[in-house]
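# A look at the structure
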Amino acid sequence: MLNQLPKNYDPKEFEKKVYQNWLDKNYFHAEVNEEKEPFTIMLPPPNITGALHLGHALDQTIQDILIRYKRMSGYEALWMPGTDHASIATEVKVVEKVKKEKGISKKELGREKFMDEAWAWRDTYGRRIVEQMQQLGSSCDWERERFTMDEGCNKAVTEVFVRLYEKGLIYRGNRIINWCPDCKTSLSDAEVEHEEKMGNFWHVKYPIKDEDLYIEVATTRPETILGDTAVAVHPEDERYSHLIGKIAVLPFLNREIPIVADTYVDPEFGTGAVKITPAHDPNDFEVGQRHNLPQIRVMNDDATINELGGPYVGMTRYECRKQIVKDLDERGLLVSTKERNHSVGHCYRCHTAVEPLTSEQWFVHMEPLAEPAIKAVKDGSIKIVPERFDKTYFHWLDNIRDWCISRQLWWGHRIPAYYCDDCGHITVQRTVPEICPDCGGTKLRQDEDALDTWFSSALWTFSTLGWPEETPELKYFHPTDVLVTGYDIIFFWVIRMVFSSLEHLEEIPFKHVLIHGLVRDAQGRKMSKSLGNGVDPLQVIDEFGADALRYTLIHGNSPGSDLRFSQEKLESARNFANKLWNATRFVLMNLEEEMPTMEEMAGNLALEDEWILSRMERTRLEVTANLDKFELGLALQKVYEFTWNEYCDWYIEMTKTRLYGDQVEPRQTAQVVLTEVLKGILRLLHPFMPFITEEIWQTLPSAEGSIMVASWPQAREKALKPDMETRMEHLMTAIRNIRNIRAEMNVPHSVKAALQVMAHTEESREVITMGTPYLKSLAGIAEVTFLEKFEEVPELAVSTIIPGAELYIPLAELIDIEKEIQRLEKEKEKALSEIKRVEGKLANEGFLKKAPTKLVEEEKAKKDEFQDMLVTLEKRIEELKA
RNA sequence: GGGGAAUUAACUCAGCUGGUAGAGUAUCUCCUUGACGUGGAGGAAGCCAUGGGUUCGAGUCCCUUAUUCCCCACCA
């Protein structure tokens, strides 16, 4: 007795064990190996802020499929895992934790102790993420696991910062930036989410100094009046030309501000006069620069009004807005209030409305970096899949502005800039300076700020391989092959990796970018904490198994599009696993200890053997092609269909006559082919469903080692047997038709019918002869006889047609003649409509001239076929009516 | 304001370089046949959103319209 499997598929029984075995055998590890071609994927490092969600599961499943496929195909496949420190998000979480546990703020705790807390957090969640990935089956090279704040990454970050600074591409400046009053840090443009909101548009009068005149401005943010330093009008706007150069008096503060002319102003919009607040509006900032206006910042870091706000000091920006509107109204300066839609920026982490304000920050000068990045995609060095995301990529780069990289946070890479207290000189260098190179002073302070998280993730493809050292790994594995990520982080990450790698390594970071969509809930809603519709991958794995989860995420999904996640899909995935499981049980219980090899049986193959082997070959060809084009959903679909519809539904059923027969030889061939094809299926399916395929593989005789290191089946076009496929098709049609007739005639299973065949071609006679055992076992036929003359056709019989032959079932006592005539009429209709279609085509001159000859031939053949069928049907109907 | 996507069977979605519409789920009929009822056999179900164009031929390519959904954007 060979190995046996339990009756039901229960992934919990083996998934952990299987994964542990892979770990023990070190199969995930990749090394520089000049004898093999490398294939590299860098895992987009998950944030250490919490647990993995279904989006991660999708992202990682795609990568795991690709990496397993390539590993089996003989590549030295490296999948480098790691986690991201996620500066803001983690810091916020740790701040909350400290507050909750210790009741103190981060300042009270102090920088050093705060960092200890953050590292402890990282240890906990970093480990949890690894565990989750392992449950999903991810075959990462854990020995190479990295963290964006580990020593190697730190070194790379410093190196990049210093190089860019020395090149003049990083600078420090007092500029307008996006400020999150809740996270209390600056944000890059990419980190601001804009939202359309209904707000008010207030028209306000500013008195003109020493004159009985007013200038009317319009604003959505009255609280910024406190920071106004000018009013601007269009230079050619005649309504205001007399006011240019005059002085307006700011309400409440009585500040005297000039009226300036600037083409930025759109005379058509609002009143045509704009209040200018250089310290709180990006456009106004620009105007301010052009006209040398002072910047008056009237808000604190928490967006309350500071002492420059006069009577409004201490109010929040919203309280202040309300109060100012009220005060303006009281003084008769409020002209009107209108409703108006406008977009407000929000922090992508905490969703607080962002406050634009001027601040001393570090920036990357983007223009010179953007250009090569655009070129790399334009010239095809980097291919984005699906292609349409090119537009997103270009659009962002074409409109890029300088990148604000400093964050007022502790958790992150501290900026390697040192200020001299004596002379104010700024030193940027790789190591901590002892003395100021300018004045020799020793009182040096390092910049307090940390770098944007994305600054370090931008280096991920090479900082993880040892850069700036010229390591063998870097040379061998870089550029990486595919970057797999969601469309939501093209801006944050993909673009920045491209220009970073091009700038520092002078090569692309990856050859392909494979974009996937978002995982949504069954109603199509985004999964979110506030909706409470998030699904925990671990719970899914617990209930259905990791393979079913992976199947659900991949099946029927196409690159770049969102997918809905539902219970039904999981069930269908689990059912498929169960089907495969039981097919294996069937095979196992019919095998014997001693089995010949496939090669030894090559001469004994029956029609169905040749057929299934040819079909498997075709499936291999298609699946491999799909995988190479990143069409994972299609690839999986094909494996599924081959497994269920061909192997299980037909081939297994057909082998039963041989397996249960008492002759050794045909039985052995069936046993060998059953095993061979099952193994073929397992190898094709392994990248998608690694656990079940491994578990089953291990039970099969003659399967050596792990399926993980088995070879990917090389598809051979010449192994296809199209004629065998056609013959089998005909036999299957015969069986289906007979089953159909039986169902329609309500012939119970117990009643075996005799089949009489009028064969017109040698081939059809052969098909029926070879197919006789299957007509018996699968179509309820008792025996098959061939008719030689038309006169022998029984009168009371139901009939059906396959190419080249008519099949009759005399069921005199059972058939209802009227019903049978109806059935035949229906078939006749079908034949007629087919003939009409084909004839229409063949009557078309253009078709005959321009369509490929092969197609024309096929159509002609079809026409003949259907016409024969029609003749037979008509004859048959006549006979029955008579 | 700009860009993109979607619109295919009751539902959720596939459909690659144009050549007679597919799957899963649900539904209807039958079946405890020695792998599987997490199953088997059979059936019903679609003017592939709209109007045009290119073509011998369009779900597939081009344009129009409608609806829905994303993304981007410095009109105060």
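Residues numbered from 1 in each chain as written. Chains lettered and ligands numbered in written order. Predicted model: local features only at pLDDT ≥ 70, side-chain atom pairs only at ≥ 80, totals over all residues. Heavy atoms only, no water.

On to the overall build of chain A, then. Per the secondary structure count, chain A includes 27 helices and 29 strands. Taking 882 residues into account, the globule formula puts the C-alpha radius of gyration at 29 Å, and chain A, at 37 Å, lies well above it. With respect to the three principal axes, the spread of C-alpha positions in chain A is 120 × 60 × 55 Å. Relative to its 882 residues, chain A shows a buried fraction of 55%. When contacts within chain A are restricted to residue pairs at least 6 apart in sequence, those whose partners lie at least 24 apart make up 77%. Surface exposure of chain A reaches about 39,200 Å², of which carbon and sulfur atoms provide 48%. (Helix = DSSP H or I, 4+ residues; strand = E, 2+ residues; numbered from the N terminus. Rg over C-alpha atoms; globule rule 2.2 N^0.38 Å. Buried < 20%, exposed > 50% of the residue type's maximum accessible area, 1.4 Å probe, protein only. Contact = heavy atoms within 4.5 Å. Areas by Shrake-Rupley, 256 points an atom, 1.4 Å probe, with all protein chains shown as cover.)

For helix α23 (residues 722–745), which comprises 24 residues, the first-to-last C-alpha distance of 34 Å matches the rise-based estimate of 34 Å (1.5 Å per residue) to within 8%. N746 occupies a position one or two residues after α23 and carries a positive phi of about 55°. (Expected span 1.5 Å × (residues − 1).)

Another point: the pattern of salt bridges. Within the structure shown, the criterion is met by 65 salt bridges. R144 is paired through a salt bridge with E473; the nearest N and O atoms lie 3.7 Å apart. Residue R144 is located in the loop between α5 (111–136) and β4 (146–147), and its partner E473 is located in helix α13 (residues 472–477); the two are separated by 329 residues in the primary sequence. The exposure class of E473 is partly exposed, given its relative accessible area of 21%. Across the pair E592 and R667 runs a salt bridge whose closest N-O atoms are separated by 3.1 Å. With E592 in the loop between α17 (567–589) and α18 (598–601) and R667 in helix α21 (residues 664–685), the pair connects residues that are 75 residues apart, well separated along the chain. The exposure class assigned to E592 is partly exposed, which follows from its relative accessible area of 31%. What you see here is one network of salt bridges that share partners, running through R221, E223, R317, R321 and E355. (Salt bridge = Lys/Arg side-chain N within 4 Å of Asp/Glu carboxyl O.)

Burial analysis of strand β14 (residues 355–364) places 9 of its 10 residues in the buried class, the great majority of the element. Where strand β5 (residues 170–180) meets β14, 10 bridges bridge the pair, whose relative direction is antiparallel. Residue N174 lies in a different strand from β14, and its bridge partner there is E360. As paired strands, β14 and strand β16 (residues 403–404) are joined by 2 bridges and run antiparallel to one another. (Pairing = 2+ DSSP bridges.)

Attention now moves to the sheet that holds strand β29 (residues 805–810). Sheets are built from strands that pair by backbone hydrogen bonding, the pairs being arranged parallel or antiparallel. With mixed pairing, 4 strands are arranged side by side in an open sheet as β27-β26-β29-β28. Both outer strands of the open sheet, β27 (781–787) and β28 (797–802), are each paired with one neighbouring strand and no more. Going across the sheet, the axis of each strand differs from the next one's by a mean of 25°, ignoring polarity. (Axes fitted to C-alpha atoms, helices over the stretch in contact; angles between N-to-C directions.)

Turning our attention to the confidence of the model for chain A. On average, residues of chain A score 92 in pLDDT, and 99% of them are at 70 or above. In the predicted complex, the global pTM is 0.95; the interface-specific ipTM is 0.95. (pLDDT = per-residue confidence, 0-100.)

Here the focus is the packing of aromatic side chains. Throughout the structure, instances matching the rule amount to 36 aromatic pairs. Between Y393 and F394, the ring centres sit 5.7 Å apart and the planes meet at 80°, which makes this aromatic pair edge-to-face. With respect to class, Y393 is no different from F394; both count as buried. Here the aromatic cluster, defined as three or more aromatic residues joined through ring pairs, consists of F161, Y165, W362, W403, F455 and F499. (Phe/Tyr/Trp six-rings, centres within 6.5 Å; stacked < 30°, edge-to-face > 60°.)

To continue, consider the packing of α17 against helix α22 (residues 690–699). Packing of α17 against α22 brings their axes to within 11 Å, and their N-to-C directions diverge by 5°. The angle between α17 and α22 places the two elements in the roughly parallel class. Along the contact surface, α17 presents A577, L580, W581, T584 and L588, while α22 presents I692, E695, I696 and T699. Of the residues contributing to the contact of α17 with α22, the split by class is 6 nonpolar, 2 polar and 1 charged. (Parallel < 35°, antiparallel > 145°, perpendicular 65-115°, else oblique. Nonpolar A, V, L, I, M, F, W, Y, C, P; charged D, E, K, R; others polar.)

Close to RNA strand B lie 63 residues; N283, R564, W644, N844 and K850 are nearest. Those atoms of RNA strand B that come within 4 Å of the protein belong to sugar or phosphate at a rate of 62%. Take C648: an N or O atom from its main chain is 3.4 Å from a base nitrogen of RNA strand B. At a separation of 2.6 Å, a phosphate oxygen of RNA strand B approaches a polar side-chain atom of Y660. Looking at the surface near RNA strand B, the element that brings in the most residues is α17, giving 12 residues. (Near = heavy atom within 4 Å. Polar contact = N/O pair within 3.5 Å; in protein donor to acceptor, adjacent residues only side chain to side chain.)

Let's shift gears to the sheet that holds strand β19 (residues 426–428). Across the sheet, which stays open at both edges, the 3 strands sit in the order β19-β18-β20 with antiparallel pairing between neighbours. Edge positions in the sheet fall to β19 and β20 (444–446), since each has one partner strand and no second. The mean inter-strand angle of the sheet, taken between neighbouring strand axes irrespective of direction, is 30°. Sheet analysis places strand β18 (residues 417–420) next to β20, joined by 3 bridges and oriented antiparallel. Bridged to C420 within β20 is L444.

Space inside the second largest pocket adds up to approximately 680 Å³. Together, 23 residues line the second largest pocket, and E91, K106, C183, K184 and Q408 are the ones closest to its centre. Every element with two or more residues in the lining of the second largest pocket is listed here: α3 (87–102), α4 (106–109) and β14. At 5 residues, α3 tops the list of elements feeding residues into the lining of the second largest pocket. Residue composition of the lining of the second largest pocket, grouped by class: 7 nonpolar, 4 polar and 12 charged. (1 Å grid on protein atoms, 1.4 Å probe; cavity = no way out; pocket = protein on both sides within 12 Å on 5 of 7 lines; lining within 4 Å. Points joined across faces, edges and corners; volume = space filled by probe spheres on them.)

Counting across every chain of the model gives 3 cavities of 30 Å³ or more. Of the voids in this model, the largest cavity is the one considered here, and its volume is about 130 Å³. Forming the walls of the largest cavity are 15 residues, and the residues nearest its centre are I62, N557, S558, P559 and L632. For the lining of the largest cavity, the secondary-structure elements that each account for two or more residues are α2 (54–72), β23 (510–516), α16 (546–554) and α20 (632–659). For the lining of the largest cavity, the element with the most residues is β23, which contributes 3 residues. Residues of the lining of the largest cavity, tallied by class, amount to 9 nonpolar, 5 polar and 1 charged.

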